[in-house]
Structures are given as C-alpha cells and as structure tokens.
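Listed here are the chains, written in short residue letters.
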Amino acid sequence: MPRAARVCRAGDNRTMVPRFLDKLCARAELPGRLAALAAPLVFTNGVFDVLHRGHVTYLAAARALGASLVIGLNSDASARALGKAPGRPLNAEADRACVLAALESVSLVVLFDEATPVELLQQVRPALYVKGGDYDIEALAETRWVRSWGGEARALPFVAGYSTTALVERIRGAQTG
C-alpha cells in the first residue's frame, strides 16, 4: 500500500473507505497499475500544495488530452528542496495526494522524492507530458526525455489570477491585519 494511502486511511471513517484511495500508487506497484490504465497516458507533476481553481482547470485540460492522467506528486522532502517559502508545503504529502486522487480528472497519483520527476517520467513513459504555461517547456529535461521515446511535451495555458503563493500570502496577510 502506498505511504499516502496508509496515512489517508488512518483518518478515514472506518466503515467506509473512499474509492479514490485506489488511485494512490506506490512506485513499486507502478508497472502493473500503468498497464491497467487506458492509453494514451498524460503525465504532469507538481507540489499541488493548496489546490485552487487554476490547478483543477489545468488538470481537467490535461486529462482531456488523453485517456488517463498520471500525476507525479512532489513528496514533502522534494517540495521543501524546491526552495518554497518557509513552512511549505502547508499540506502534508498524504493529504495532497488524497485531494488530487479525489478529482475526477486524475487516474493515478504517485509520490516522488527526487528533485525532478525525470526518474518517474522514465518509468511512466507517457505519450504526453504537460506543464502549466508558467513553465518554459523547451527548457525542461523532462521534455527531452519524453521526446526521446516519441512522446510529446506541451505547456498548457496558465490560468491567470490563481497562484498558491498569492493565496497563501493573502491568507497570512488577513491573519496579521
């Protein structure tokens, strides 16, 4: 059982286990779980700390480009190594994984501890790798890897006005104001 699923189950109502927990996947289970997904596979990755409208719009658009959407989720350690603001991520990896897994557009959520999702991406070998429009897709190592096996990489339009950093700053400002 993936570590995120173990933690999610710990706080759940014991009489009902949410079906979305089946979307949480340990790296060791990945080959078999990928084989069961409909193709073409779309892959994206990120921290997804405080899920907002920009995230869900982006994830729905990503899923619409294929039959299945696999998310590589930065573990807490990986997210902290990205140099986010102190105290980030605000939500623990298990909680972030459960929230993502509960989305209709998401097929599978896999944690990764590395600085980049390249190793995970090489395991998944999606037909399409997507990132938000705030990334330069051509500058990402992930793009070179996906194209090496004939896949495609694409930046999806950024949903203006939605940012986790801005949201966190607004909340913190309201608490001190």
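Our structure's up above, just so we're on the same page.
These lines cover the structure that appears in this document, whether it is placed above or below. The shown structure was predicted, so the numbers you read here are calculated from the model rather than taken from an experiment. (Residues numbered from 1 in each chain as written. Predicted model: local features only at pLDDT ≥ 70, side-chain atom pairs only at ≥ 80, totals over all residues. Heavy atoms only, no water.)

### Points about the overall build of the protein
Convention followed: Put simply, DSSP H or I for four residues or longer makes a helix, DSSP E for two residues or longer makes a strand, and each gets a number counted from the N terminus. Buried residues are those whose accessible area, probed at 1.4 Å on protein chains only, stays under 20% of the maximum for their type, while exposed residues exceed 50% and partly exposed ones sit between those limits. The contact rule is simple, with two residues in contact once any of their heavy atoms fall within 4.5 Å. Note that accessible areas follow from Shrake-Rupley with a 1.4 Å probe, and for residues the cover is restricted to the protein chains shown.
Per the secondary structure count, the protein includes eight helices and six strands. Looking at the 177 residues of the protein, the share that counts as buried comes to 45%. Contacts spanning at least 24 positions in sequence make up 73% of the contacts within the protein whose residues lie at least 6 apart. As displayed, the protein offers around 9100 Å² of accessible surface, 55% of which is attributable to carbon and sulfur atoms.

### Describing the packing of aromatic side chains
The following threshold applies: Pairing of aromatic side chains here covers Phe, Tyr and the six-membered ring of Trp, requires ring centres within 6.5 Å, and sorts the geometry by plane angle: under 30 degrees stacked, over 60 edge-to-face, intermediate tilted. A ring has a charge above it when a Lys NZ or an Arg CZ is no more than 6 Å from the ring centre and no more than 35 degrees off the ring normal.
Scanning the model with the defined rule gives one aromatic pair in all. Relative to Y129, the ring of F43 lies with its centre 6.0 Å away and its plane at 25°, an arrangement referred to as stacked. Within this pair, whereas F43 is found in strand β2 (residues 41-46), its partner Y129 is found in strand β5 (residues 128-132), the two being separated by 86 residues in sequence. By relative accessible area, which is 0% here, F43 ends up buried. The positively charged end of K131 is found above the aromatic ring belonging to Y135, 4.3 Å away from the centroid.

### Regarding the sheet that holds β2
Backbone-to-backbone hydrogen bonds join strands into a sheet, with any given pair of strands oriented parallel or antiparallel. The condition is simple: At least two DSSP bridges between two strands are required for those strands to pair. For helices, the axis comes from a line fit to the C-alpha atoms of the stretch in contact; other axes are also lines fit to C-alpha atoms, and the angle between any two N-to-C directions lies between 0 and 180 degrees.
An order of β1-β4-β3-β2-β5-β6 is seen for the six strands of this open sheet, with the pairing classed as parallel. Two strands bound the open sheet, and with one partner strand each, they are β1 (24-25) and β6 (152-156). Summarising the sheet, β2 and strand β3 (residues 68-74) pair through six bridges and their orientation is parallel. The partner of F43 across the bridge, within β3, is V70. This element, helix α3 (residues 53-64), spans β2, β3, β5 and β6 of the sheet and lies at about 135° to β3. Where helix α5 (residues 93-101) meets the sheet, it contacts β1, β3 and β4 (108-112), and its direction lies at approximately 165° from that of β3.

### Digging into the pairing of β2
Walk down a regular strand and you will see the side chains alternate between the two sheet faces. Of all six residues in β2, six are buried; the element is thus mostly enclosed. Side-chain alternation along β2 places L41, F43 and N45 on one buried face and V42, T44 and G46 on a second face that is also buried. The pairing of β2 with β5 spans two bridges and is parallel. For V42, the partnering residue across the bridge sits in β5 and is L128.

### Here we look at the pattern of salt bridges
This is how it is decided: Whenever a carboxyl oxygen of Asp or Glu lies within 4 Å of a side-chain nitrogen of Lys or Arg, that contact is scored as a salt bridge.
Enumeration according to the criterion identifies five salt bridges in this entry. Here R27 and E114 are joined by a salt bridge, their closest N and O atoms 3.4 Å apart. Of this pair, R27 sits in the loop between β1 and α2 (30-35) while E114 sits in the loop between β4 and α6 (118-124), placing them 87 residues apart in sequence. Here E114 falls in the partly exposed class, since its relative accessible area comes to 23%. The shortest N-O distance in the salt bridge between E138 and R147 comes to 2.8 Å. Assessed through its relative accessible area of 48%, E138 is described here as partly exposed.

### Points about helix α7 (residues 141-148)
Operational definition: Here the arc refers to the set of directions running from the helix axis out to each C-beta atom.
For α7, the set of buried residues is E142, T143 and V146. Along the long axis of α7, the arc covered by the buried residues comes to 100°, so they all point the same way. In α7, the exposed positions angled more than 90 degrees off the buried face are occupied by R144 and S148. Looking at the buried side of α7, the elements it contacts are α6, β5 and β6. Taken from the residues just after α7, G150 is the one with a positive phi, measuring 90°.

### Here's the deal with the pairing of β3
The test is simple: For a crossover, the right-handed case is the one in which the path from the first strand over the helix to the second runs clockwise, viewed with the strands pointing away from the viewer.
A large share of β3 lies buried, amounting to seven of its seven residues. Residues S68, V70, G72 and N74 point to one face of β3 and L69, I71 and L73 to the other, with burial holding for every one of them. Read as a crossover between parallel neighbours, the route from β2 over α3 to β3 is right-handed. Examined bridge by bridge, β3 and β4 share five bridges and lie parallel to one another. Note on β4: the bridge partner recorded for L73 is L111.

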